[in-house]
Amino acid sequence: MFLRIILLLSISLVNCDQTVRGIAPERASLYDPNRPFTCLDGSLTIPFNQVNDDYCDCRDGSDEPGTAACMNGQFACENLGYIVQYIPSSRVNDGICDCCDGSDEYSGKIQCENKCIALAAKMREEEEKLRLLREQGFAKRQELIKLGEEFKKTLEAKIVELEDKKSKIETEKNDLESKKNEAESKANDAKTAADKILEEKAREEERAELIKKANDLFNLLDLNKDSFLTPSELITRQELDILFDNDGKFTIEESIQLLDNNESINLDVFISGYYEKLSPHINLEEKVDEQQQVENEAGAEETASEETEIDADQETDQESVPETEVHEPVKAESKYDAETQKLIDESNEARSLFENSERDLRNAEREIEDIKKKLELDLGQNNEFASMIDKCFEFEDREYVYKLCPFDRTIQKSKNNHGETSIGNWKSWGDGENKYSQMKFDNGLGCWNGPQRSTNVIVICGIETQLTSVTEPNRCEYEMRFETPAVCEPNQSSVHEEL
């Protein structure tokens, strides 16, 4: 019964095709020889015998599908064994074979070879390749989905682990902060007390140094060494005339005036009242130079003796080279006493431990934030794109190396100067229901006098995940083709199974 119906339909279609040439099977019901024909645009109804009469009656050309009468008509190639193909009706019987079965050249002016069977075989071959590609790709997609689920569970477990670690670090940090504050308080109190003592000691040393210098100056000026300084002794210091009229002559009157009319002054009075006045104008190097000369002569003799001994030692030991001694760095001597320095060291150690704890807390918080951002990403219907996180895929042409880093950025790297150029940062998936077939990257480096670079990634089914091509269809707008099993769908029934 079924075969009988198929046979009747085939006969019906053949008869229809013989009556109305150039119509597609799905339009056969619109061309009924037993009824007047209405133009497909509804503009006119004509007797059926005016269909394919080589005269254009309908404005849309639908009454002449099988002739060249209408410039806007459409001829449906029968293409038995292949697929129906539409060509402009103006090409019918033009001497050129447009349909693979030659049905457009029915006038007999030219004999057309039937190429439909070969084309159908090639189409089946391509469809088989596509079927295998989808089959293998979909199988790999299932693996990616499994990896995505494991990846998500791993990240979720990692967050729980990090949150627990963060809680412990916070508790430890609070404890270390208390210890740090206590240690710093003790150290600051001890330093304050020690600094006062050191300041007093420094003042005493400064006073002692001043007394020593004053004593040296007094001895220099006390010519008769009777422990008293008189105007007659000062008068020998002509440089003191600068304190008066600076005429180059320091007189006895000026010397008496300088000592405030005192006949003489002792060391204590000199220190308290006259040292700071006189010291800037008297050169102490005279006495120092004499002493230094004596010391230099003695030192020269000692040095010569030491050099002689060194030369002798070198001659004895020239065949044996002593091993280089490794000295540990000398720790700078502290100005504080041992007890105070200990408190300072303890304070520094407590502060260091607290700062390390703060850093560990920041790192844990940053890691948690990074993982949460990854979990918030749209990684596909079933997380099939999860395995691409933190990965990049490269494609090379003559001049550049291109990088696609899903969910991050796209890069163009010159082969000449190795400089990297950002050609986009992750924006979103595409639009519509099939959004996972497109990745959008924008806000790349701006072009010279142009827009910011952007990249559109076309995602297609492939057995391997790889970047297969990069083009620049418009200035500063790049297009990448990216193959991955993540978008491979299961095979559907072929639309050409009837072939």
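In this text, all values refer to a predicted model and were calculated from it rather than measured experimentally.

(A) Examining the overall build of the protein more closely. Assigned secondary structure in the protein consists of 8 helices and 12 strands. In the protein, which comprises 499 residues, the proportion classed as buried is 29%. Intrachain contacts of the protein at a sequence separation of at least 6 include 45% that bridge at least 24 residues. Roughly 32,600 Å² of accessible area belongs to the protein as shown, and the carbon and sulfur atoms make up 49% of that amount.

(B) View of the packing of helix α2 (residues 116-221) against helix α8 (residues 338-376). Running from N to C, α2 and α8 cross one another at 160°; their axes reach a closest spacing of 7 Å. In this view, α2 runs roughly antiparallel relative to α8, as classed from their interaxial angle. For the element pair α2 and α8, the recorded crossing hand is left-handed. In the contact of α2 with α8, the residues fall into 19 nonpolar, 3 polar and 22 charged.

(C) Structural detail: the packing of aromatic side chains. In this structure the tally under the stated criterion is 14 aromatic pairs. Seen from their ring centres, tryptophan 426 and phenylalanine 441 are 5.4 Å apart, and the 75° between their planes marks the pair as edge-to-face. Of this pair, tryptophan 426 sits in strand β8 (residues 420-429) while phenylalanine 441 sits in strand β9 (residues 438-442); the two residues are 15 residues apart in sequence, bridging distant segments of the chain. For the pair tryptophan 426 and phenylalanine 441, a shared accessibility class is recorded, and that class is buried.

(D) Focus on the confidence of the model for the protein. Residues at a pLDDT of 70 or more form 85% of the protein, whose mean pLDDT is 85. Within the protein, no element has a lower average pLDDT than helix α1 (residues 2-19), which sits at 39, and none a higher one than β9, at 97. A low-confidence stretch, residues 1-18 (pLDDT under 50), is modelled with 5 contacts involving residues beyond four sequence positions or located in other chains. This stretch, residues 494-499, has a pLDDT under 50; its non-local contacts, to residues over four places away or in other chains, come to 9 contacts.

(E) View of the pairing of β9. Sheet analysis places β8 next to β9, joined by 4 bridges and oriented antiparallel. Bridging across to β9, serine 428 finds its partner in lysine 440.

(F) Examining the sheet that holds strand β11 (residues 466-474) more closely. Here we have 8 strands laid out as an open sheet, ordered β5-β6-β7-β8-β9-β10-β12-β11, and mixed in their pairing. The sheet terminates laterally at β5 (393-396) and β11, the two strands that pair on one side only. Strand-to-strand twist in this sheet, taken as the mean axis angle between neighbours without regard to direction, amounts to 25°. Sheet topology places β11 next to strand β12 (residues 477-484); 6 bridges connect them, and they run antiparallel. For threonine 471, the partnering residue across the bridge sits in β12 and is glutamate 479.

(G) Here's a closer look at the pattern of salt bridges. Throughout the structure, instances matching the rule amount to 21 salt bridges. Put simply, glutamate 396 and lysine 415 hold a salt bridge, and the shortest N to O gap is 3.3 Å. With glutamate 396 in strand β5 and lysine 415 in the loop between β7 (409-414) and β8, this pair connects stretches of sequence that are 19 residues apart. Classification of lysine 415 by relative accessible area gives partly exposed; the value is 34%. What emerges from the salt-bridge pattern is a single network uniting Glu128, Arg131 and Glu135.

(H) Structural context of unusual backbone geometry. The residue aspartate 260 is not glycine, and still its phi comes out positive at about 55°. As for its position among the elements, aspartate 260 is in the loop between α4 (252-258) and α5 (267-273). Even without being glycine, cysteine 476 reaches a positive phi, approximately 70°. Looking at where cysteine 476 falls in the secondary structure, it is placed in the loop between β11 and β12. Since its relative accessible area comes to 2%, cysteine 476 is described here as buried.

(I) Region of interest: the nonpolar core. Counting 28 residues, the largest nonpolar core has Phe385, Phe407, Met439, Val457, Leu467, Met480 and Phe482 as its most contacted members. For this core, the secondary structure elements donating two or more residues are β5, β6 (400-405), β8, β9, β10 (454-461), β11 and β12. The next biggest cluster of nonpolar side chains, apart from the first, holds 18 residues, and it includes Phe218, Leu220, Leu240 and Leu278.

(J) Expanded view of the pairing of β5. On β5, burial follows the alternation: Phe393 and Phe395 on one face are buried, whereas Glu394 and Glu396 on the facing-out side are not. Here 4 bridges tie β5 to β6, and the two strands are oriented antiparallel to one another. Along β6, the bridge assignment pairs phenylalanine 393 with leucine 404. Joining the antiparallel neighbours β5 and β6 is a turn of 3 residues.

(K) Just the environment of alanine 68, in detail. Structurally, the position occupied by alanine 68 is in the loop between β2 (45-46) and β3 (74-77). Counting along the chain gives 25 residues from alanine 68 to asparagine 93, while the straight-line C-alpha distance between them is 7.6 Å. Leave out the neighbours within four places in its chain, and alanine 68 touches Asp54, Ser89, Ser90 and Val92.

What counts, and at which threshold
- Residues numbered from 1 in each chain as written.
- Predicted model: local features only at pLDDT ≥ 70, side-chain atom pairs only at ≥ 80, totals over all residues.
- Heavy atoms only, no water.
- Helix = DSSP H or I, 4+ residues; strand = E, 2+ residues; numbered from the N terminus.
- Buried < 20%, exposed > 50% of the residue type's maximum accessible area, 1.4 Å probe, protein only.
- Contact = heavy atoms within 4.5 Å.
- Areas by Shrake-Rupley, 256 points an atom, 1.4 Å probe, with all protein chains shown as cover.
- Axes fitted to C-alpha atoms, helices over the stretch in contact; angles between N-to-C directions.
- Parallel < 35°, antiparallel > 145°, perpendicular 65-115°, else oblique.
- Left-handed = near helix turned anticlockwise from the far one by under 90°.
- Nonpolar A, V, L, I, M, F, W, Y, C, P; charged D, E, K, R; others polar.
- Phe/Tyr/Trp six-rings, centres within 6.5 Å; stacked < 30°, edge-to-face > 60°.
- pLDDT = per-residue confidence, 0-100.
- Pairing = 2+ DSSP bridges.
- Salt bridge = Lys/Arg side-chain N within 4 Å of Asp/Glu carboxyl O.
- Core = buried A, V, L, I, M, F, W, Y, C linked by side-chain atoms within 4.5 Å.

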